[in-house]
Amino acid sequence: MDLCDYRQMQTLLTAEGFHFSKAKGQNFLTARWVPERIAEEAGLDARTGVIEIGPGVGCLTEQLALRARKVAAFEVDELLRPVLARTLAPYDNIEVVFGDVMRADLAAEAAARLPGLRPVLCANLPYSITSPVLTKIFEARCFDTATVMIQREVAQRMCAKPGQSDYGAFTLLTQWYAEPELLFTVGPECFMPRPKVTSAVVRMTMRREPPVMAEEKALFRVIRAAFNQRRKTLVNALDGVCGKENARAAVSSCGFPETVRGEALSLADFAALTNVLSQY
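All values derive from a computational prediction rather than experimental measurement.

Enquirer: I'd like to hear about the sheet that holds strand β3 (residues 70-75), residue by residue, with values.
Expert: The strand order across the open sheet built from 7 strands is β4-β3-β2-β5-β6-β9-β7, with neighbouring strands paired in mixed fashion. One side of each edge strand has no neighbouring strand; the edge strands of this open sheet are β4 (94-98) and β7 (178-186). Averaged over all pairs of adjacent strands, the angle between their axes in this sheet comes to 20°, without regard to strand direction. Sheet analysis places β7 next to strand β9 (residues 199-206), joined by 8 bridges and oriented antiparallel. Looking at the pairing, Phe 184 lines up with Val 201 of β9.

Enquirer: Go over the environment of Met 1 with me, naming the residues and quoting the values.
Expert: The residue Met 1 is located in the segment before α1 (6-15) in this model. Residues Met 1 and Thr 174 lie 173 residues apart in sequence; the distance between their C-alpha atoms is 38 Å.

Enquirer: Run through helix α8 (residues 169-177), naming residues and quoting values.
Expert: For the α-helix, the turn length of 3.6 residues means that residues three or four positions removed from each other point alike. Within α8, 8 of the 9 residues are buried, which leaves it mostly tucked inside the rest of the structure. By the burial criterion, the buried members of α8 are Phe 170, Thr 171, Leu 172, Leu 173, Thr 174, Gln 175, Trp 176 and Tyr 177. Contacts made by the buried residues of α8 are with α6 (130-140), α7 (152-158), β7, β9, α9 (216-228) and α13 (267-277).

Enquirer: Any chance you could break down the pattern of salt bridges for me, citing the residues and the numbers?
Expert: Close approach of charged atoms lets side chains of opposite charge pair. Scanning all chains against the criterion turns up 19 salt bridges. In this structure, the salt-bridge partner of Asp 2 is Arg 32, at a minimum N-O distance of 2.7 Å. Of this pair, Asp 2 sits in the segment before α1 while Arg 32 sits in the loop between β1 (28-29) and α2 (33-41); the two residues are 30 residues apart in sequence, bridging distant segments of the chain. For Arg 32, a relative accessible area of 28% puts it in the partly exposed group. Linking Arg 86 and Glu 16 is a salt bridge whose minimum nitrogen-to-oxygen distance equals 3.1 Å. You can see Arg 86 sitting in helix α4 (residues 81-87) and its partner Glu 16 sitting in the loop between α1 and β1, a full 70 residues away along the chain. One continuous salt-bridge network, built from bridges that share partners, spans Arg 37, Glu 41, Glu 181 and Arg 203.

Enquirer: Could you give an account of the layout of surface pockets, with specific residues and numbers?
Expert: Counted as a void, the largest pocket has a volume near 510 Å³. Those elements giving two or more residues to the lining of the largest pocket turn out to be β1, β2 (48-53), α3 (59-65) and β3. Residue classes in the lining of the largest pocket are distributed as 19 nonpolar, 8 polar and 4 charged. Surrounding the second largest pocket, 13 residues form its lining, Lys 22, Gly 25, Asn 27, Tyr 127 and Pro 195 being those nearest its centre.

Reading the values: rules and limits
Residues numbered from 1 in each chain as written. Predicted model: local features only at pLDDT ≥ 70, side-chain atom pairs only at ≥ 80, totals over all residues. Heavy atoms only, no water. Pairing = 2+ DSSP bridges. Helix = DSSP H or I, 4+ residues; strand = E, 2+ residues; numbered from the N terminus. Axes fitted to C-alpha atoms, helices over the stretch in contact; angles between N-to-C directions. Buried < 20%, exposed > 50% of the residue type's maximum accessible area, 1.4 Å probe, protein only. Contact = heavy atoms within 4.5 Å. Salt bridge = Lys/Arg side-chain N within 4 Å of Asp/Glu carboxyl O. 1 Å grid on protein atoms, 1.4 Å probe; cavity = no way out; pocket = protein on both sides within 12 Å on 5 of 7 lines; lining within 4 Å. Points joined across faces, edges and corners; volume = space filled by probe spheres on them. Nonpolar A, V, L, I, M, F, W, Y, C, P; charged D, E, K, R; others polar.

Structure follows, in structure tokens:
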């Protein structure tokens, strides 16, 4: 069975009583090159175990299973149970776990389901829950890499550089936990039903240690304040965090001009600023 063949999949889905859910953000791949390339870019081998989120009909799951030792795929939609039982029947190294991954302890699940294997994550993420799922992946701190397909605009924010229009708090959150790389884009014509936006695949090499020295909560309190009102100078944006005079002194101590805005600062710059502010 060709899991990317639109007609075959439509026939199977209809026979099993499945209907697409907008609430669950379901868009299934119909272009075989996409799951093949995602699986290739994920760097899998016989020592690798994969956590997948949202297998759909299993076209990416299949490609992962061909390359990794084991795949544990989390699916929230019970209507896909009979579908996946048929599409993934040929593979004995796939475990489908029905439940909401947002309620799961990813580190515990990876340890229990992929014992002795190098844990990685792969997913075609629903657009509606991209940010919370990515945050959960980051905070699990258990994966070697995470390769995900998401909305192109989110991918661009994750990989942005200081001074670029896409650069912001989510960029810095991503880069605190991982080194992201935008690999390729995927057009709407590669899905059923077709989404209204273009997707992109990002591979993140997860960091074992933070890239800079700073207390995490304090750092992101400063970062969020800096980007809450992007047009404000950093001194004015930080008024509610530490007071304008302290903000002015810290900005000056770090060697930044008083007119600097948050979008000009790197993660290392924000760490330096946070460390100075902690002294006040």
